[in-house]
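Descriptive analysis of the structure
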Amino acid sequence: MTSKEMEARSGVPRANIRYYESEGLLTPARAKNGYRDYSEADLALLEKIKLLRRLGIGVEELRELQRGSRNLTEALDSRMASLAGERGTLERVEQVCGELRRSGQTFETLDPGPCLSALDAPALPAAEGMVWWKAPPAPALPETDALPVYTGLSRRLLARLFDEWGMMFFLMGAIALTGHNPSLTSGLALDLAVQSIWLFLEPLLLRLFGTTPGKALLGLRITGRNGEKLTYSEGFTRHLLLLWHGEGFFIPIWSWIQMFRTARRCWNDEPQPWDVDTAYEAAPFRPLRHAGAMVLASALILAGAKAANSYSQLPPNRGDLTVAEFAENYNRQAAYINQSPSWILDETGAWKRIPDPPGTVVVNLGRDWQSDHPFRYTLENGAVRAVALEWSVENTEEWIYLPVITITTAATALIWAREDAPFWTSGHRALVNDLTEADWENGFTLRRDGAVITWEVESRNFYINGDIGIAFSTDDGKTDNFFSWRCTIALEG
């Protein structure tokens, strides 16, 4: 029979049944699907356990009875002796309470000496005509006979999602602070990194605190059977079991099957396979308090990640820039925006080609204009006030690629270096969006953040598509075409 049927027939809650199994008093068989398969003999044994535990026979004594190292008469005699002692103690307490009440003493006049002596004296005889025993309700199974196992699906799932999302935002902030653009990082790589870190971090948190940030915010706690914190190896094993039984190691289709089984166990108030021999405790759920804590923690995490991302987008050198500092800023921004630029600037501000990695397939996108067309710098007291680029070509069959990324990189390297440049990404995005949406086909003048960006273009027999950043000749003979562009980025003031 199943756990549910066993509970219905015996009247023993599943939490108690699981406890008796963890103590070795019940050992049901397992079906092929891994679920417990209780027999009639298991039911009969559970009835015996239920009776003796309600009589107050200890778990250790039950083990001795099962092993045959103690007989039932001895266990009952021991329990009756214990009850006699408890009854005698209660009788003394009631007798002393009665005498003290009849004496009419107040708290100020109370003399505790005689009363304490009476409590420590041998059991007092019952007063004549007094009734010392009334039929109490049938004793229930001890509360300590069940490991607390919280099975609420929504609360557990929300706690785990908060932990994983929090780690995701932490990683993205860390990636940004290393100078890499988190938006260009592979989502799969981030997911694998989160799961790998959490595999080792969660056992450590459970070992130190008995909870994780997400669980703590929702009032959840995980400990061992006796309330002690899990060891690191126990937490690590628990997490591995969770990855397999709860998420199917992210194997397509199988992971969905395992997640459905996890949800079904929660719906049936059954413990998860990774929660065996652990106490999963839940504080009373207070919607406003827990929701407020989650919102506040989420806001702090998002603000931290946003601040890290905003800071990482700023160039390394701020204020008035030398040519070498502008070059360093440009190279940093090129790595952040493009991740793998083909051209960077040396310390003199001249173009330098980065060799392609071995085995790289090079696609010919036309002539590299950088090799013959360096930046021109306008300096004032040694500080860069403007940078300019220009290029022209005629009678060519090549496609011309507009330097949208190069101009955007140079603009962020110079403009964001200003002391009053915007810090948050919203301000950064405005400049990049303006350049992305600018009229690259006909030319434009853009004023933003204390700078002026001018783009001038001339062409003959060329078609320009600014949306995809290319220009190509419409002259069939390629003997009467001309194309040139000039860009200047200048600081105002």
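These notes cover the structure that comes with them. Please read all numbers here as calculations on a predicted model, not as lab measurements.

Phe326, Ile453, Phe483 and Ile489 are the most contacted members of the largest nonpolar core, which totals 44 residues. Among the elements that make up this core, the one with the highest residue count is helix α14 (residues 404-415) (six residues). Apart from the residues lying within four places of it in its own chain, the contact partners of Ile453 are Ala411, Ile415, Leu431, Leu435, Phe444, Thr445, Leu446, Cys487, Thr488 and Ile489. Counting 19 residues, the second largest nonpolar core, distinct from the first, contains Met1, Ile49, Val59 and Val149.

Time to look at the sheet that holds strand β11 (residues 451-460). Across the sheet, which stays open at both edges, the five strands sit in the order β7-β8-β14-β11-β10 with antiparallel pairing between neighbours. The open sheet has two edge strands, β7 (376-380) and β10 (444-448), and neither has a second partner. When the angles between neighbouring strand axes are averaged without regard to direction, this sheet yields 10°. Bridging between strand β8 (residues 383-394) and strand β14 (residues 482-491) involves nine bridges; their strand directions are antiparallel. Looking at the pairing, Val393 lines up with Phe483 of β14. Seen against the sheet, α14 touches β8, β10, β11 and β14 and runs at an angle of roughly 15° to β14.

Glancing now at the environment of Asn329. Of note, Asn329 is situated in helix α13 (residues 323-338). According to the relative accessible area criterion, Asn329 is buried, its value standing at 0%. Once you skip the residues sitting within four places of it in the chain, Asn329 turns out to touch Pro315, Pro316, Asn317, Leu321, Ala413 and Ala417. Among the polar contacts made by the side chain of Asn329, one reaches the main-chain amide nitrogen of Asn317 at a distance of 3.0 Å.

Turning our attention to the packing of helix α8 (residues 187-209) against helix α10 (residues 232-246). Interaxial distance between α8 and α10 falls to 8 Å at its minimum, and their mutual angle equals 140°. With respect to α10, the axis of α8 lies oblique. Helix-helix and strand crossings are classified by hand; for α8 and α10 the assignment is right-handed. Mapping the contact onto sequence places Gln195, Trp198, Leu199, Phe200, Glu202, Pro203, Leu204, Leu206 and Arg207 in α8 and Tyr232, Gly235, Phe236, Arg238, His239, Leu240 and Leu243 in α10. Here the residues of the contact of α8 with α10 are counted per class, giving ten nonpolar, three polar and three charged.

Cut-off values and rules
- Residues numbered from 1 in each chain as written.
- Predicted model: local features only at pLDDT ≥ 70, side-chain atom pairs only at ≥ 80, totals over all residues.
- Heavy atoms only, no water.
- Core = buried A, V, L, I, M, F, W, Y, C linked by side-chain atoms within 4.5 Å.
- Buried < 20%, exposed > 50% of the residue type's maximum accessible area, 1.4 Å probe, protein only.
- Helix = DSSP H or I, 4+ residues; strand = E, 2+ residues; numbered from the N terminus.
- Contact = heavy atoms within 4.5 Å.
- Pairing = 2+ DSSP bridges.
- Axes fitted to C-alpha atoms, helices over the stretch in contact; angles between N-to-C directions.
- Polar contact = N/O pair within 3.5 Å; in protein donor to acceptor, adjacent residues only side chain to side chain.
- Parallel < 35°, antiparallel > 145°, perpendicular 65-115°, else oblique.
- Left-handed = near helix turned anticlockwise from the far one by under 90°.
- Nonpolar A, V, L, I, M, F, W, Y, C, P; charged D, E, K, R; others polar.

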